[in-house]
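Chain and residue survey
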Amino acid sequence: MRIYHRYQTIIEDYNDFIDALRRPLRTTIRINTLKAKKEMVLNMLADLEPEPLPYYEYGYRIEGDRIGNRVEHFLGLIYVQEATSLLPPLIMDLKPGLKVLDLCAAPGSKTTQIAQHMENTGLIVANDNSWERIRGLANNLDRAGVVNTVITRYDGKVIAKKITDYFDRVLVDAPCSAEGTIRQSRMVLYHWGLKNIERLSRLQIGLLISGFKALKKGCLLYTSPSPRD
């Protein structure tokens, strides 16, 4: 397919790259310390053989599937989250009391993680422009026990017209071409195209500009290295 040809022209170890795409991703979870202490949750998950991620104290790879059927998931003690999705909040220098804008927040993986690292204090504005995605966002915030977050529904490109020069941190997890999710779903191959990439790049620029305008002077904006999750 064209997507593979595109990579062949820019990736030196192309064959290794293709081999990596064929290997399924292992399930990764985050322990939610807003609901319980890490040690207690690990004891509950012992049958899944949690393997700690080397870069994050609350992230674990686990064995098994159907994690969403477990009581730990139902109670919000854990959040199933891709390993790369865990990274942005780790570099945001989060602390209690900050004001944070998550510009493209749904379904809430990073929003709930940000709330966890802020110890449910300060303010998070979790924005998305889709009613359907906002319903999932609201459910995840509730399940995770997040109480410092308000949900807004705006076009992210114009939200700075409503809130300007206000936030200490802004996260822009912009919609993307989803090329990085091929290992999760081959369906990406059927809607991929250069025209779609060009359209999304224009959207991403608009979101970044809006995010910068919403940021207080001297504060920081972060983008996500991973697909929306």
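Relevant structure appears above.
Report on the accompanying structure. (Residues numbered from 1 in each chain as written. Predicted model: local features only at pLDDT ≥ 70, side-chain atom pairs only at ≥ 80, totals over all residues. Heavy atoms only, no water.)

1. Focus on the overall build of the chain
- A tally of regular secondary structure across the chain gives nine helices and nine strands.
- Residues counted as buried form 46% of the 229 residues belonging to the chain.
- Long-range pairs, those at least 24 residues apart, make up 76% of the contacts in the chain between residues at least 6 apart in sequence.
- Of the roughly 12200 Å² that the chain leaves accessible, carbon and sulfur atoms contribute 53%. (Helix = DSSP H or I, 4+ residues; strand = E, 2+ residues; numbered from the N terminus. Buried < 20%, exposed > 50% of the residue type's maximum accessible area, 1.4 Å probe, protein only. Contact = heavy atoms within 4.5 Å. Areas by Shrake-Rupley, 256 points an atom, 1.4 Å probe, with all protein chains shown as cover.)

2. Some words on the side chain of His73
- Along the chain, the position of His73 falls in helix α4 (residues 71-74).
- Sequence-distant contacts of His73, defined by excluding residues within four places in its chain, comprise Ile67, Gly68, Ile78, Val80 and Arg143.

3. A word on the pairing of strand β6 (residues 123-127)
- Along β6, four of the five residues are buried, which leaves the element largely enclosed by surrounding structure.
- Two elements, strand β5 (residues 99-102) and β6, share four bridges in a ladder whose sense is parallel. Of the residues in β6, the one forming a bridge with Leu101 is Val125.
- What joins β5 to β6 is helix α6 (residues 109-117), and the crossover it makes is right-handed.
- Two elements, β6 and strand β7 (residues 149-152), share four bridges in a ladder whose sense is parallel. Bridge pairing in β7 links Ile124 to Thr149.
- In terms of handedness, the path from β6 via helix α7 (residues 131-143) over to β7 forms a crossover that is right-handed. (Pairing = 2+ DSSP bridges. Right-handed = clockwise from strand over helix to strand, strands pointing away.)

4. Here we look at unusual backbone geometry
- Across the junction of Ala106 and Pro107, the peptide omega takes the value 5°, indicating a cis bond.
- Following the sequence through the fold, Pro107 ends up in the loop between β5 and α6.
- A positive phi angle is found at Glu119, which is not glycine, with a value near 55°.
- On the basis of relative accessibility, which here comes to 55%, the residue Glu119 falls in the exposed class.
- Here the phi dihedral of Asp165 falls at roughly 55°; this positive angle occurs in a residue that is not glycine.
- Inspection of the secondary structure assignment puts Asp165 in the loop between β7 and β8 (167-172).

5. A short note on the environment of Arg26
- In this structure, Arg26 sits in the loop between α2 (14-22) and β1 (27-31).
- Residue contacts for Arg26: discarding those within four places in its chain leaves Glu51, Arg61 and Glu63.

6. Some details on the sheet that holds β6
- In space, the five strands of this open sheet follow the order β7-β6-β5-β8-β9, with parallel pairing throughout. Each edge of the open sheet is held by one strand with a lone partner, namely β7 and β9 (215-223). On average, each strand axis in the sheet is tilted by 20° relative to the strand beside it, whichever way the strands run.
- Looking at chain direction, β8 and β9 are connected through five bridges and run parallel. Across the sheet, residue Val170 finds its bridge partner in β9, namely Leu221.
- Of the strands in this sheet, β6 and β7 touch α7, which is tilted by about 170° from β7.
- Docked against the sheet, helix α9 (residues 194-214) engages β5, β8 and β9, running at close to 145° with respect to β9. (Axes fitted to C-alpha atoms, helices over the stretch in contact; angles between N-to-C directions.)

7. A few points about α6
- With eight of nine residues buried, α6 lies mostly within the body of the structure.
- Of the residues one or two after α6, Glu119 is the one with positive phi, at around 55°.

8. Brief notes about the nonpolar core
- With 17 residues, the main nonpolar core has Met92, Leu94, Val100, Ile114, Met118, Ile124 and Leu137 as its most contacted residues.
- Elements supplying a minimum of two residues to this core: α6, β6 and α7.
- Not counting chain neighbours up to four residues away, the residues in contact with Met92 comprise Val100, Ile114, Arg169, Leu171 and Tyr222.
- Core analysis: the next-biggest nonpolar cluster, separate from the first, contains 13 residues, Cys104, Phe167, Val172 and Leu215 among them. (Core = buried A, V, L, I, M, F, W, Y, C linked by side-chain atoms within 4.5 Å.)

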